[in-house]
Amino acid sequence: IRFFRNRTFSLANVASLLMFFGMFGSIFLLSQFFQTVQGYSPFGSGLRILPWTLAPIFIAPIAGAMSDKLPAKNIIGVGLALQAAGLAWIAAVSTPTTPYSHLIGPFILAGVGMALFFAPVANVVLSAVRPDEEGKASGANNAIRELGGVLGVAVLASIFAHAGGYRTPTTFVDGMTSAVYVGAAVVAVGALAAFGI
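Quick caveat: nothing in here was measured; it's all calculated off a predicted structure.

On to the overall build of the chain. Check the secondary structure of the chain and you find six helices and zero strands. Taking 16 Å as the expected radius of gyration for a compact globule of 197 residues, we find that the chain reaches 17 Å, a close match to that expectation. Counting only C-alpha atoms, the chain reaches 55 × 30 × 25 Å along its principal axes. Expressed as a percentage of its 197 residues, the buried residues of the chain come to 45%.

Pasting the structure below:
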């Protein structure tokens, strides 16, 4: 618990919590959107989300190299801002008949943001504690990330159910876009936390 007296450790973990809240909650709903509204199989739905989840493979090494030259808080903050922008873009263009091509750009933008976040955040968390405490700090950060994902799915699904539902494709999209906008706002708050590190 004393780790949280350290501003760097606390704000990095707040950023992690909020990033995973918005990301996992949104992915949970988007995967159902592709299946329930647009009629794709679970495998087809997963394939369509790949531009988001593959981007870190290409961008994370660049972000890691950048973190040697730029303050890590700036890279994390920009990454979360891009992730928030990508989520808001997804919500803005989503309709029951949205062509997949309209979602590729925001998926890539969100993926680039995710990659910029992943590379330096672990280093920031671990550098905030003594070397002999790194295992505990890493465990705390992993637990907080998982908590963010669980809360994101629960809260965004509740918003989805309140604002829409499964009755028709239109009500599904109404609920999904409301929830994804909230996810974007939460990730944007995470960006502010990152810039405060």
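Moving on to the packing of aromatic side chains. Tallied over the entire structure, the rule returns 14 aromatic pairs. Their ring planes at 75° and their centres at 5.0 Å tell us that F4 and F9 sit as a pair that is edge-to-face. By relative accessible area, which is 0% here, F9 ends up buried. Put simply, the rings of F33, F34, Y40, W52, Y100 and F107 pair up and form one aromatic cluster. Here R48 stacks its cationic end above the ring of Y100, 5.9 Å away from the centre of that ring.

Let us now look at the nonpolar core. By size, the foremost hydrophobic cluster in this structure holds 50 residues, and its most contacted members are F33, W52, L80 and M176. Elements supplying a minimum of two residues to this core: α1 (7-37), α2 (42-66), α3 (72-93), α4 (101-127), α5 (134-163) and α6 (169-195). Looking at which element gives the most residues to this core, the answer is α1, with 15 residues. For L80, the contacting residues outside a window of four places in its chain are A15, M19, G113, F117, V187, G190, A191 and A194.

On to the side chain of T171. Here T171 lies in helix α6. Residue classification places T171 among the buried residues on the basis of a relative accessible area of 15%. Separated by 3.5 Å, the side chain of T171 and the backbone nitrogen of R167 make a polar contact. Aside from chain neighbours lying at most four places away, what touches T171 is G164, G165 and Y166.

With that settled, the discussion passes to the side chain of S45. Counting through the fold element by element, S45 comes out in helix α2. With relative accessibility at 1%, the residue S45 sits in the buried group. A polar side-chain atom of S45 sits 3.0 Å from the main-chain carbonyl oxygen of S31.

Attention shifts here to the confidence of the model for the chain. Chain-level pLDDT for the chain is 91 on average; 100% of the residues reach the 70-or-more range. Here α2 is the element of the chain with the lowest mean pLDDT, 86, and α6 is the one with the highest, 96.

Per the counting criterion, the structure on display carries three salt bridges. For D132, the salt bridge is made with R130, and the minimal N-O distance between the two is 3.2 Å. Judged by relative accessible area, D132 falls into the exposed class, the value being 59%. Here R130 falls in the partly exposed class, since its relative accessible area comes to 46%. Each member of the salt-bridge network shares a partner with another, and the members are R2, R130, D132 and E133.

Once that is clear, we can look at the environment of S138. When you line up the elements, S138 lands in helix α5. Taking the C-alpha atoms as reference, S138 lies 7.3 Å from V125; in sequence the two are 13 residues apart.

The terminal C-alpha atoms of α1, which comprises 31 residues, lie 44 Å apart, in line with the 45 Å expected from a rise of 1.5 Å per residue. The element α1 is largely enclosed, with a buried count of 22 among its 31 residues. Taking the backbone nitrogen of T8 as reference, a side-chain oxygen 2.8 Å away marks N6 as the first, capping residue of α1. Downstream of α1 by one or two residues, G39 has phi in the positive range, about 80°.

Cut-offs used in this document
Residues numbered from 1 in each chain as written. Predicted model: local features only at pLDDT ≥ 70, side-chain atom pairs only at ≥ 80, totals over all residues. Heavy atoms only, no water. Helix = DSSP H or I, 4+ residues; strand = E, 2+ residues; numbered from the N terminus. Rg over C-alpha atoms; globule rule 2.2 N^0.38 Å. Buried < 20%, exposed > 50% of the residue type's maximum accessible area, 1.4 Å probe, protein only. Phe/Tyr/Trp six-rings, centres within 6.5 Å; stacked < 30°, edge-to-face > 60°. Lys NZ or Arg CZ within 6 Å of the ring centre and 35° of its normal. Core = buried A, V, L, I, M, F, W, Y, C linked by side-chain atoms within 4.5 Å. Contact = heavy atoms within 4.5 Å. Polar contact = N/O pair within 3.5 Å; in protein donor to acceptor, adjacent residues only side chain to side chain. pLDDT = per-residue confidence, 0-100. Salt bridge = Lys/Arg side-chain N within 4 Å of Asp/Glu carboxyl O. Expected span 1.5 Å × (residues − 1).

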